[in-house]
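# Per-entry structural report
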Amino acid sequence: MGPRHAGVIVAALGVCVASHTWGQPTPDAPSAENTPPAARSPSGASPGLEVGSQLELTLIDGRHVVGELVEVSDTKYVIRIGEVETPFEKSDIRGEPRKVPSVEESYQQLRAAIADDDVDNRLQLAEWCRAHGRIDLALWETDQAMEAEPGNPKAREMHTLLVEQEKLNRASGRSEKDEALAAQALKARLADGARGSFPLLSPEQINVIRVYEVDLRNPPRMVIPRGVLEAFLDTYKGKVISGKGTVPVTPEARDIFLHQSAPDALSWFFDARARELYPKVQVMENPESFKLFRDSVNRTWLTNACATNRCHGGEDAGRLWLYNLKSATDAATYTNFLILERFRTSTGAKLIDYNKPEDSLLLQMALPKDQAVVKHPDITGPARGRWRPVFTDARDPRYQRVVEWIRSMYPQRPEYPIDYVPPVPHSASMEAPGPR
């Protein structure tokens, strides 16, 4: 398996984190001699339920919930999802909880799919290990990568940083969970270090956008804690909601409300405009509209053409500065979306037209100038002459996918309650004539 398969392994890493579905080892899986000692003897943890274990619960409505077991009693499980402890009645759960594989077990599965000499994917795996708090496994992978390619600069740089992180962890006596959080923070700092800190949306802010953009006809996985449902019932009890009826008051009606599916409950929140409760809804995956934005806009032409370091991704960005690293991550995807959503040209025009997607400046300025209704402004300064159209014409499949994405968004645009100030390059002038 060579570098051209890097995308496959990246996708596999995403699967391990999101759905815990493991692929089968390839025929050329590494032998015991080529695997780290820590991974040859995975922990023989008891198959029973233990506090601190990662569990997957299947609810009677078909939803799947993954989190850390906090408490188990005769009647309920309490699962920590993110930072929120959420109780689930056993009567609401189908079958027995499934214990999610440990980091070591997940690592073994991923490692089995990578050839020993596949340096690019081994470095991807090292990043995964670091993000999950296993600096030791990450170091082992980078050591092996450097042995295979002694001159690989990325492997050398990563190895140096991992050694530094390991020293800090030992000196501070931090727990494995603390190490994982520190590793994620370090990874973000490293990504931005060369050009200063680029502010990215937090997981909480990303969750807020997800809630606002949920399509109830095709909802993503979500959880609404019982306490949040009860807060809705207490706040809006007896209120008549157009299209829904009266918010339940009697114990019997309240009980029925509490046992409905999360999307059905969220529809009540939407119709009641209960925006104060939106941040407490936990949307566990991207809505379809944001999958489209990530795959058809952000990780393809937006970061590769518009957000290069010499254009909208660096000091020559003008007033519109986009994040051009780790384009498949949620932080990059949602941050760039919010920047595009809120940006206004010097005339006050928006970049995205949700009513007439084809008229969006985001699309028009990416067309050849002889085909665009609104042409991309001329570029001056160091980047002069570097602009190239992204699309060949309006029939370009990439152009059509962007139109599809815009149409998939909620047309009545909300004002997200998110305090975010986008970065402005030092060279940018407040009198800049719009996006460049």
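Values in this document were obtained by computation on a predicted structure and should not be read as measured data.

## Details of the overall build of the protein chain
In terms of regular secondary structure, the protein chain is built from 15 helices and nine strands. Evaluated residue by residue, the protein chain yields a buried proportion of 45% over its 436 residues. Long-range contacts, defined as pairs at least 24 residues apart, comprise 64% of the intrachain contacts of the protein chain with a sequence gap of at least 6. For the protein chain, the exposed area adds up to about 22000 Å²; of that, 52% sits on carbon and sulfur atoms.

## Observations concerning the sheet that holds strand S2 (residues 64-72)
In space, the five strands of this open sheet follow the order S4-S3-S2-S1-S5, with antiparallel pairing throughout. Each edge of the open sheet is held by one strand with a lone partner, namely strand S4 (84-89) and strand S5 (98-99). Across four bridges, S2 lies against strand S3 (residues 76-81) in antiparallel orientation. In the sheet register, valine 72 faces S3, and the bridge partner there is tyrosine 77.

## Focus on the confidence of the model for the protein chain
Mean pLDDT over the protein chain stands at 76; residues scoring 70 or higher make up 72%. Predicted confidence in the protein chain is weakest over helix H1 (residues 6-18), with a mean pLDDT of 37, and strongest over helix H11 (residues 262-272), with 96. In this model residues 1-33 is a low-confidence stretch, pLDDT under 50, and it forms 49 contacts with partners more than four residues away in sequence or in other chains. In the predicted structure, residues 381-385 sits below a pLDDT of 50 and forms five contacts with residues beyond four places in sequence or in another chain.

## A short note on the packing of aromatic side chains
Applying the stated criterion across every chain yields a total of 16 aromatic pairs. Note on tyrosine 212 and tyrosine 278: the rings are 5.0 Å apart at their centroids and 75 degrees apart in plane angle, and the pair reads as edge-to-face. With tyrosine 212 in helix H8 (residues 203-212) and tyrosine 278 in the loop between H11 and strand S9 (282-283), this pair connects stretches of sequence that are 66 residues apart. For the residue pair tyrosine 212 and tyrosine 278, the accessibility class agrees, reading buried in each case. Pairing phenylalanine 290 with phenylalanine 293 gives two aromatic rings, centres 6.4 Å apart and planes at 65 degrees, and the pair type is edge-to-face.

## Focus on the environment of arginine 319
Turning to its location among the elements, arginine 319 is positioned in the loop between helix H12 (288-306) and helix H13 (330-342). Residue classification places arginine 319 among the partly exposed positions, given a relative accessible area of 21%.

## Regarding the packing of H8 against H13
The N-to-C vectors of H8 and H13 enclose an angle of 65 degrees; their axes lie 10 Å apart at closest approach. Our pair here, H8 against H13, has a crossing hand that is left-handed. The residues of H13 that touch H8, namely those facing Ile206, Ile209 and Arg210, are Asp330, Ala331, Tyr334 and Leu338. Class assignment of the residues belonging to the contact of H8 with H13 gives a composition of five nonpolar, no polar and two charged.

## Considerations on the pattern of salt bridges
Under the definition given, this model contains 22 salt bridges. For arginine 226, the salt bridge is made with glutamate 230, and the minimal N-O distance between the two is 3.3 Å. With arginine 226 and glutamate 230 both in helix H9 (residues 226-236), this residue pair falls four residues apart, about one helical turn. The partner of arginine 413 in a salt bridge is glutamate 341, with the nearest N and O atoms 3.3 Å apart. One end of the pair, arginine 413, is in the segment after helix H15 (397-408); the other, glutamate 341, is in helix H13, and 72 residues separate them in sequence. Residue classification places arginine 413 among the partly exposed positions, given a relative accessible area of 23%. Residues joined in a network through salt bridges with shared partners are Arg111, Asp116, Arg122 and Glu141.

## Points about the pairing of S3
Connecting the antiparallel pair S2 and S3 is a turn made up of three residues. Pairing between S3 and S4: six bridges, direction antiparallel. When the bridges of S4 are listed, lysine 76 appears paired with glutamate 89.

## Overview of the nonpolar core
Membership of the largest hydrophobic core comes to 67 residues, with the highest contact counts inside it found for Ile224, Phe232, Leu266, Phe269, Leu340, Phe391 and Trp405. Where this core is concerned, the elements lending two or more residues are H8, H9, helix H10 (251-258), H11, H12, H13, helix H14 (361-364) and H15. Counting residues per element, this core draws most heavily on H11, which supplies seven residues. Excluding residues within four positions of it along the chain, isoleucine 224 makes contact with Leu229, Ala262, Ala265, Leu266, Phe269 and Val281. Among the nonpolar cores identified, the runner-up in size contains 20 residues, and Tyr107, Leu125, Leu137 and Ala138 belong to it.

Rules used in this analysis
- Residues numbered from 1 in each chain as written.
- Predicted model: local features only at pLDDT ≥ 70, side-chain atom pairs only at ≥ 80, totals over all residues.
- Heavy atoms only, no water.
- Helix = DSSP H or I, 4+ residues; strand = E, 2+ residues; numbered from the N terminus.
- Buried < 20%, exposed > 50% of the residue type's maximum accessible area, 1.4 Å probe, protein only.
- Contact = heavy atoms within 4.5 Å.
- Areas by Shrake-Rupley, 256 points an atom, 1.4 Å probe, with all protein chains shown as cover.
- Pairing = 2+ DSSP bridges.
- pLDDT = per-residue confidence, 0-100.
- Phe/Tyr/Trp six-rings, centres within 6.5 Å; stacked < 30°, edge-to-face > 60°.
- Axes fitted to C-alpha atoms, helices over the stretch in contact; angles between N-to-C directions.
- Left-handed = near helix turned anticlockwise from the far one by under 90°.
- Nonpolar A, V, L, I, M, F, W, Y, C, P; charged D, E, K, R; others polar.
- Salt bridge = Lys/Arg side-chain N within 4 Å of Asp/Glu carboxyl O.
- Core = buried A, V, L, I, M, F, W, Y, C linked by side-chain atoms within 4.5 Å.

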